[in-house]
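Geometric and topological summary
Listed below, chain by chain, are the residues.
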Amino acid sequence: MANNGIFVSFEGPEGAGKTTAILNISERLQKEGQRVIVTREPGGIRISEKIRNIILDNEHEEMDGRTEALLYAAARRQHLVEKIEPALQQGMIVLCDRFIDSSLSYQGFARGLGIQEVLAINEFAIGKTMPDLTVFFDITPEDGLSRIVNNDSREQNRLDNESLQFHHAVYEGYQRLLQIYPERIRSIDASLPANEVAENVWKLIYSQLI
């Protein structure tokens, strides 16, 4: 990358526990004196959060798959130029809950739009900016969705309501991406207790980047 920052994205099926681990990692990095910014997709900044509300609204069941993919790419573009790139240029560590791989898996594979087709849309949006490391939280759709049901504090969105078949397709899409990008995407067992997951993520990030 043409900057001194570090860009780490976190990916996985619904209910994988990414958010909990990200907050843990952020706290540990800050205690070590690192400058860290935590963000998410879709969202992270005002415009992208508004797009997020449109995409994930439970009332928007009629949304076309291509519309969905384009909205994600639009939100990603604004998020990138307004928040991620400035932070990287300042030498910060960016921890992002989801990035391009979510679009490739959810819309590209699970929606059947094509991984390469969705990649092209996103390359237009983000240019050559890709994460230095992507941590994939590996958990079965059944286990992830059961966590959502038992988590009253988590927002229930339109994608949570998709069929189990769809969520299995998302998981398979991620497995494809692990094969396509083996040097960038690293998998961790997200079915373990939260503290063990966070520790394994910490070791992975620290050994790879810090």
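The preceding data block contains the structure.
Throughout what follows, the structure given in this document is the object of discussion. (Residues numbered from 1 in each chain as written. Predicted model: local features only at pLDDT ≥ 70, side-chain atom pairs only at ≥ 80, totals over all residues. Heavy atoms only, no water.)

**Quick notes on the side chain of Q107**
Within the secondary structure layout, Q107 lies in helix α4 (residues 100-110). At 2.7 Å, the side chain of Q107 forms a polar contact with the side chain of E68. If we ignore the near neighbours within four places in the chain, the residues touching Q107 are G65, E68, A69, Y72, S102, G112, L113 and V118. (Helix = DSSP H or I, 4+ residues; strand = E, 2+ residues; numbered from the N terminus. Polar contact = N/O pair within 3.5 Å; in protein donor to acceptor, adjacent residues only side chain to side chain. Contact = heavy atoms within 4.5 Å.)

**Thoughts on the nonpolar core**
Core analysis: the largest hydrophobic core is formed by 34 residues, its most contacted members being F7, I84, F99, L104 and L177. Look past the residues within four positions of L104 in its chain and what remains in contact with it is F109, I115, V118, L119, L177 and Y181. Within the second largest apolar cluster, 22 residues are counted, among which are A21, I139, V197 and W202. (Core = buried A, V, L, I, M, F, W, Y, C linked by side-chain atoms within 4.5 Å. Buried < 20%, exposed > 50% of the residue type's maximum accessible area, 1.4 Å probe, protein only.)

**Here's the deal with unusual backbone geometry**
Look at the link from E41 to P42: it is a cis peptide, with omega at -10 degrees. Tracing the backbone through its elements, the reader meets P42 in the loop between β2 (36-40) and α2 (46-56). Although it is not a glycine, R98 sits at a positive phi angle of roughly 80 degrees. Position of R98 among the secondary structure elements: in the loop between β3 (93-97) and α4. With relative accessibility at 11%, the residue R98 sits in the buried group.

**Examining the packing of α4 against helix α5 (residues 115-126)**
Helices that pack against each other are described as a pair by the angle of their axes relative to one another and the distance between those axes. Contact pair α4 / α5: the axes reach a minimum separation of 8 Å and the direction vectors enclose 145 degrees. Judged by the twist between their axes, the crossing of α4 over α5 is right-handed. Residue-level contacts link I100, S103, L104, Q107, G108 and F109 of α4 to I115, V118, L119, N122 and I126 of α5. Split into classes, the residues belonging to the contact of α4 with α5 amount to 7 nonpolar, 4 polar and no charged. (Axes fitted to C-alpha atoms, helices over the stretch in contact; angles between N-to-C directions. Left-handed = near helix turned anticlockwise from the far one by under 90°. Nonpolar A, V, L, I, M, F, W, Y, C, P; charged D, E, K, R; others polar.)

**What about the packing of aromatic side chains?**
Aromatic ring pairs are reported here in terms of the distance separating the ring centres and the angle at which the planes meet. What the rule picks out here adds up to 7 aromatic pairs. Of the aromatic side chains, those joined through ring pairs into one cluster are Y106, F136, F166, Y171 and Y174. The side chain of R76 reaches across the aromatic face of F99, ending 5.4 Å from its centre. Over the aromatic face of Y181 sits the side chain of R184, whose NZ or CZ is 4.6 Å from the ring centroid. (Phe/Tyr/Trp six-rings, centres within 6.5 Å; stacked < 30°, edge-to-face > 60°. Lys NZ or Arg CZ within 6 Å of the ring centre and 35° of its normal.)

**Things to note about the pattern of salt bridges**
In total, this model carries 10 salt bridges according to the counting rule given. With a closest N to O distance of 2.9 Å, R40 and E49 form a salt bridge. Taking the relative accessible area as the measure of exposure, R40 reaches 31% and is therefore partly exposed. Exposure remark for E49: the relative accessible area of 22% places this residue in the partly exposed category. (Salt bridge = Lys/Arg side-chain N within 4 Å of Asp/Glu carboxyl O.)

**Details of the environment of P86**
Relative to the assigned elements, P86 resides in helix α3 (residues 65-89). Owing to a relative accessible area of 26%, P86 belongs among the partly exposed residues under this scheme. Separated by 10 residues in the primary sequence, P86 and R76 place their C-alpha atoms 14 Å from one another. In contact with P86, other than residues within four places in its own chain, are L80 and V81.

**Quick look at the sheet that holds strand β5 (residues 185-189)**
Spatially, β2-β3-β1-β4-β5 is the arrangement adopted by the 5 strands of the open sheet, whose pairing is parallel. Strand pairing shows two members of the sheet lacking a second neighbour, β2 and β5, which therefore form its edges. The mean inter-strand angle of the sheet, taken between neighbouring strand axes irrespective of direction, is 20 degrees. Note: strand β4 (residues 133-138) against β5, 5 bridges, orientation parallel. Each bridged residue has a counterpart across the sheet, and for V135 the counterpart in β5 is R186. Against the sheet, α3 engages β1 (6-11), β2 and β3, with an angle of about 160 degrees to β2. In this fold helix α8 (residues 194-208) packs onto β1, β4 and β5, with an angle of close to 160 degrees to the strand it touches most, β4. (Pairing = 2+ DSSP bridges.)

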